[in-house]
Protein chains: 2
Amino acid sequence: MSEESPISYSQLRDLEDDFEDIDLQMLRQQDALTKDLYAKREALVSQIDNFWPLVFTQAPSEIDEYIQPTDSTVLVNSLKSLSVERFELPEGDPRSISIKFEFNENEFFEDKTIEKKFWWRNAKDGWAGLVSEPVNIKWKSADKDLTTGMLDLANKIFAEEKEGKAAPADETENKKKLIEIMEKEGLGGVSFFCFFGYTGRNISEEEHKAATIVEAQNRKLRKEGKEVKDDEEDEEEDGFDEFEYEIFPMASDVAVAIVEDLWPSAIRYFTDAQELEAMSDIDFEDDDEDEDMEDDDELDGQPSSKKQKA
Amino acid sequence: MSEESPISYSQLRDLEDDFEDIDLQMLRQQDALTKDLYAKREALVSQIDNFWPLVFTQAPSEIDEYIQPTDSTVLVNSLKSLSVERFELPEGDPRSISIKFEFNENEFFEDKTIEKKFWWRNAKDGWAGLVSEPVNIKWKSADKDLTTGMLDLANKIFAEEKEGKAAPADETENKKKLIEIMEKEGLGGVSFFCFFGYTGRNISEEEHKAATIVEAQNRKLRKEGKEVKDDEEDEEEDGFDEFEYEIFPMASDVAVAIVEDLWPSAIRYFTDAQELEAMSDIDFEDDDEDEDMEDDDELDGQPSSKKQKA
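In this text, all values refer to a predicted model and were calculated from it rather than measured experimentally.

What counts and what doesn't
Residues numbered from 1 in each chain as written. Chains lettered and ligands numbered in written order. Predicted model: local features only at pLDDT ≥ 70, side-chain atom pairs only at ≥ 80, totals over all residues. Heavy atoms only, no water. Helix = DSSP H or I, 4+ residues; strand = E, 2+ residues; numbered from the N terminus. Buried < 20%, exposed > 50% of the residue type's maximum accessible area, 1.4 Å probe, protein only. Contact = heavy atoms within 4.5 Å. Areas by Shrake-Rupley, 256 points an atom, 1.4 Å probe, with all protein chains shown as cover. Core = buried A, V, L, I, M, F, W, Y, C linked by side-chain atoms within 4.5 Å. Phe/Tyr/Trp six-rings, centres within 6.5 Å; stacked < 30°, edge-to-face > 60°. Lys NZ or Arg CZ within 6 Å of the ring centre and 35° of its normal. Salt bridge = Lys/Arg side-chain N within 4 Å of Asp/Glu carboxyl O. Polar contact = N/O pair within 3.5 Å; in protein donor to acceptor, adjacent residues only side chain to side chain. Pairing = 2+ DSSP bridges. Axes fitted to C-alpha atoms, helices over the stretch in contact; angles between N-to-C directions. Expected span 1.5 Å × (residues − 1). Parallel < 35°, antiparallel > 145°, perpendicular 65-115°, else oblique. Nonpolar A, V, L, I, M, F, W, Y, C, P; charged D, E, K, R; others polar. Patch = residues over 30% accessible without salt bridge, like charges linked within 9 Å, V, L, I, M, F, W, Y side chains within 5 Å. Lys, Arg positive; Asp, Glu negative; His and termini not counted. Charge placed at Lys NZ, Arg CZ, Asp CG, Glu CD. Left-handed = near helix turned anticlockwise from the far one by under 90°.

**Q** Mind showing me how you'd approach the overall build of chain A here?
**A** In terms of helices and strands, chain A carries nine helices and four strands. In chain A, which comprises 310 residues, the proportion classed as buried is 51%. Partitioning the contacts of chain A with sequence separation of at least 6, the portion at a separation of at least 24 is 69%. Summed over all atoms, the accessible surface of chain A reaches about 15,300 Å², with 48% contributed by carbon and sulfur.

Structural data, given as structure tokens:
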């Protein structure tokens, strides 16, 4: 070993840049290679009642810990379909993801489709990650609002800033109201539907484009073994907490867990759920189905075999 | 929706077969594409003192929860290097993995290298997953044995079965001794070094080869829309618990977490650890280093930027 470390952060970052290029290339390719299979899967599972609700009953803990008992009832009774898309492909960033929930008629909200998009964005301080915009839900009445008004306020706060009616640091009436509810309710047991209210860092399209160019230049410098100016110090300058009004601070982690785990492994989770139900002798079919499945090879028994997660 | 589900498990399994083919293809390709980069990384990080120990301090919870305080001391003081290999490539299964730990001289054991291999295996009952063989550690003395004799017994039990001196269901002296220690110690706080004792399901090379052929035939049948005989019932027939003598039952999950998370994200974990140390003003350099790093761009300060995990 050397007397002192001859390695700089730039060298490590240069290497990470190269790994990132391969990751992105793999994501693009995976998306292209699996597109037809996911379409085929959708066609198959749309013929299985309760496929997606059963998948959610087996969701990994990173998702499951945010699903409250009432959310679970809503999902079991009315989740019709889930779909995931890397919506900026083929040209854009494969890390930008959309998650679309489709619902049957239910007592809680009017929406048949609720879609949440996350954009991969670069910030001028060097940060890169997923940002989003709040999505509203049309609750059938105030007492059916699982988010107790928080989702609505998150949307209003986002709108008033977007329309230039308030600055990010302004303490508006809506923000005061939101903080009041958040303090009353606590964030421990908030509804999974608060997920749709996530905003994340506020990075404009212009900032993203400028930062992407700077990042490309910095990469080039690192590749040439040159030092890159560190912008980190600029970051905290404005000194206010961008996450103060987030009603679901972990949303981007949950989104990644849905996209990288729940979505690709949905058939395995469904099969796990079926096995559990078979063990407890509960039929997974809807109550409103008169005919039960008769043939042994249909989806009412044990699956033919199981595999360890690869 | 249909009156009754027209979908069979065979159809879902057929689809999963196709997804699996793509996953394997992607794993092979990823391995080929990243090989040079990992070699470059190894060359770089071998020049950074305490790189791997610092990575382990930031290990994700699936790994960290098994690292006891004493294990942590051993890793911090003597882990020199970690490497991961998909050792059956290019011909074999990319899911077979080896994890090699290299150690500096230390007070606990003689070994400079401890390597744990996991083979992806098919069983005749349709199960597929990772199996392993116990690896021994030469403790410097009985009171330096972090596994309190369990690792040694796990190796002996494996050997006596392999050499035909005992059948899997036999209650040998070594098994009695092991159960005694396991009951005394409990499995909650066992050393991370018990990881090396994992065996998993006992699947012979012959069984794997035969099962692989059967699985390929079953795939073909499913692809043709034909039903596949379910062998599941045969599975529990012998009625003894193959995991009764496992001293680290979660080893294959930990191995997968190392291979899919700790290993590819090592630079990020190292950087996280550096930031934490920078915040608490502790230098990560070894005490035996006389010269400290002087240049600003060397590894003693804040990294130039951070990225969200993709």
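Still to come is the rest of the account.
**Q** Teacher, can you tell me more about the nonpolar core here?
**A** Note on soluble globular proteins: their nonpolar side chains tend to be buried together. Phe 101 and Phe 195 of chain A together with Phe 101 and Phe 195 of chain B are the most contacted members of the largest nonpolar core, which has 142 residues in total. Those residues within four positions of Phe 195 of chain B in sequence are excluded, and the remaining contacts are Ile 99, Phe 101, Lys 116, Phe 118, Phe 248, Ala 251, Val 254 and Ala 255 of chain B. Counting six residues, the second largest nonpolar core, distinct from the first, contains Phe 87, Ala 123, Val 131 and Ile 203 of chain A.

**Q** Looking at this structure, I do not really get the side chain of Asp 18 of chain B. What am I missing?
**A** Here Asp 18 of chain B is to be found in helix α1 (residues 9-45). Beyond its immediate chain neighbours, meaning those up to four positions away, Asp 18 of chain B contacts Leu 37 and Lys 40 of chain A together with Lys 223 of chain B.

**Q** Honestly, the packing of aromatic side chains in this entry has me stumped. Any pointers?
**A** Within a pair of aromatic rings, the relevant descriptors are the distance that separates the centres and the angle that separates the planes. Evaluated as defined, the whole model comprises 50 aromatic pairs over all chains. Geometrically, the ring pair formed by Tyr 38 of chain A and Trp 263 of chain A is stacked, given 4.9 Å between the ring centres and 20 degrees between the ring planes. Of this pair, Tyr 38 of chain A sits in helix α1 (residues 9-45) while Trp 263 of chain A sits in the loop between α8 (251-262) and α9 (266-279); the two residues are 225 residues apart in sequence, bridging distant segments of the chain. Judged by its relative accessible area of 16%, Tyr 38 of chain A is buried. Given a relative accessible area of 9%, Trp 263 of chain A falls into the buried group. Each ring, one from Phe 192 of chain B and one from Phe 193 of chain B, has its centre 6.4 Å from the other, and the planes form 75 degrees; the classification is edge-to-face. Judged on exposure class, the residue Phe 192 of chain B and its partner Phe 193 of chain B are both buried. Directly above the ring of Trp 263 of chain B sits Arg 41 of chain B, whose terminal nitrogen or CZ lies 4.4 Å from the centroid. Looking at Lys 144 of chain B, its charged tip hangs above the ring of Phe 108 of chain B, at a distance of 5.5 Å from the centre.

**Q** Teacher, can you tell me more about the pattern of salt bridges here?
**A** A side chain of one charge can pair with a side chain of the opposite charge if their charged atoms are brought near each other. For the structure shown, the criterion picks out 54 salt bridges over all chains. Among the salt bridges present, the one from Lys 209 of chain A reaches Glu 205 of chain A, with a minimum N-O distance of 3.9 Å. Linking Lys 209 of chain A with Glu 205 of chain A, this pair stays in helix α7 (residues 205-223), spanning four residues, or about one helical turn. Lys 223 of chain B serves as the salt-bridge partner of Asp 14 of chain B, at 3.1 Å between the closest nitrogen and oxygen.

**Q** Would you mind going over the side chain of Asn 174 of chain A with me for this structure?
**A** Residue and element names in this part refer to chain A. Position of Asn 174 relative to the elements: it lies in helix α6 (residues 173-185). A distance of 3.0 Å separates polar atoms of two side chains, one belonging to Asn 174 and the other to Glu 160. Residues within four places of Asn 174 in sequence aside, it is in contact with Leu 153, Lys 156, Ile 157 and Glu 160.

**Q** Before we go on, may I ask you to explain the pairing of strand β1 (residues 79-85) of chain B in this structure?
**A** Remark: a regular strand shows side chains that alternate across the two faces of the sheet. All names here are of chain B. Among the seven residues in β1, five count as buried, and that is most of the element. Two elements, β1 and strand β2 (residues 97-103), share six bridges in a ladder whose sense is antiparallel. In the strand pairing of β2, Leu 79 is matched with Phe 103.

**Q** Whenever I open this one, the pairing of strand β4 (residues 128-132) of chain A confuses me. Can you help?
**A** Residues and elements named next belong to chain A. Counting buried residues along β4, five of its five residues qualify, which places the element largely inside the surrounding structure. Sheet topology note: the strand β3 (residues 113-122)/β4 ladder contains five bridges and is antiparallel. When the bridges of β4 are listed, Phe 118 appears paired with Ser 132. The antiparallel hairpin formed by β3 and β4 contains five residues in its connecting segment, where Gly 126 sits at a positive phi of about 100 degrees.

**Q** What is the right way to look at the sheet that holds strand β2 (residues 97-103) of chain A in this model?
**A** Residues and elements named next belong to chain A. The strand order across the open sheet formed by four strands is β1-β2-β3-β4, and the pairing between neighbours is antiparallel. Whereas interior strands pair on both sides, the edge strands pair on one side only; in this sheet they are β1 (79-85) and β4. The average angle at which neighbouring strand axes cross in this sheet is 15 degrees, direction not considered. The strands touched by α8 are β1, β2, β3 and β4; relative to β2, the strand with the most contacts, the crossing angle is about 80 degrees.

**Q** Even after reading the chapter, I still don't get helix α5 (residues 150-162) of chain A, so can you show me in this structure?
**A** Quick reminder: α-helices carry 3.6 residues per turn. Residues three or four places apart thus point the same way. All names here are of chain A. Here α5 spans 18 Å end to end across 13 residues, near enough to the 18 Å set by a 1.5 Å rise per residue. Among the residues of α5, Met 150, Leu 151, Leu 153, Ala 154, Asn 155, Ile 157 and Glu 160 are the ones counted as buried. Buried positions along α5 lie against α6. Taken from the residues just after α5, Gly 164 is the one with a positive phi, measuring 75 degrees.

**Q** Would you take a moment to explain the packing of α1 of chain A against α1 of chain B for this structure?
**A** Packed helices, taken two at a time, are described by the angle between their axes plus the distance between the axes. Put simply, α1 of chain A and α1 of chain B touch, their axes get as near as 11 Å, and they point 175 degrees apart. Relative to α1 of chain B, the element α1 of chain A lies roughly antiparallel. Of the residues that constitute the contact of α1 of chain A with α1 of chain B, the class distribution is 20 nonpolar, ten polar and eight charged.

**Q** What should I look at first to understand a negative patch on the surface in this one?
**A** On the surface, Glu 62, Asp 64, Glu 65 and Asp 253 of chain A together with Glu 62, Asp 64, Glu 65 and Asp 253 of chain B cluster together to form a negatively charged patch. Of all the secondary-structure elements, those providing two or more residues to the negative patch are α3 (61-64) of chain A together with α3 (61-64) of chain B.

**Q** Explanation requested: the environment of Gly 225 of chain A in the structure shown.
**A** By the secondary structure assignment, Gly 225 of chain A is in the loop between α7 and α8. Separated by 215 residues in the primary sequence, Gly 225 of chain A and Ser 10 of chain A have C-alpha atoms spaced 7.3 Å apart.

**Q** Before we go on, may I ask you to explain the sheet that holds β2 of chain B in this structure?
**A** Residues and elements named next belong to chain B. Across the sheet, which stays open at both edges, the four strands sit in the order β1-β2-β3-β4 with antiparallel pairing between neighbours. Each edge of the sheet is formed by a strand with only one pairing partner; in this case those strands are β1 and β4 (128-132). Each adjacent strand pair in this sheet contributes to an overall mean axis angle of 15 degrees, direction not counted. The strands that helix α4 (residues 69-78) touches are β1 and β2; relative to β1, the one it contacts most, it runs at about 95 degrees.

**Q** Quick question: what am I supposed to make of the environment of Val 256 of chain A here?
**A** Mapped onto the fold, Val 256 of chain A is located in helix α8. A C-alpha to C-alpha distance of 15 Å links Val 256 of chain A and Asp 31 of chain A, two positions 225 residues apart in sequence.

**Q** Teacher, can you tell me more about the packing of α1 of chain A against helix α9 (residues 266-279) of chain B here?
**A** Close contact between α1 of chain A and α9 of chain B brings their axes to 11 Å; oriented N to C, the two are set at 150 degrees. In this structure, the crossing between α1 of chain A and α9 of chain B has a hand that is left-handed. In contact with Tyr 9, Leu 12, Leu 15 and Glu 16 of chain A of α1 of chain A, α9 of chain B contributes Ile 267, Arg 268, Phe 270, Thr 271 and Gln 274 of chain B. Of the residues in the contact of α1 of chain A with α9 of chain B, the class split is five nonpolar, two polar and two charged.

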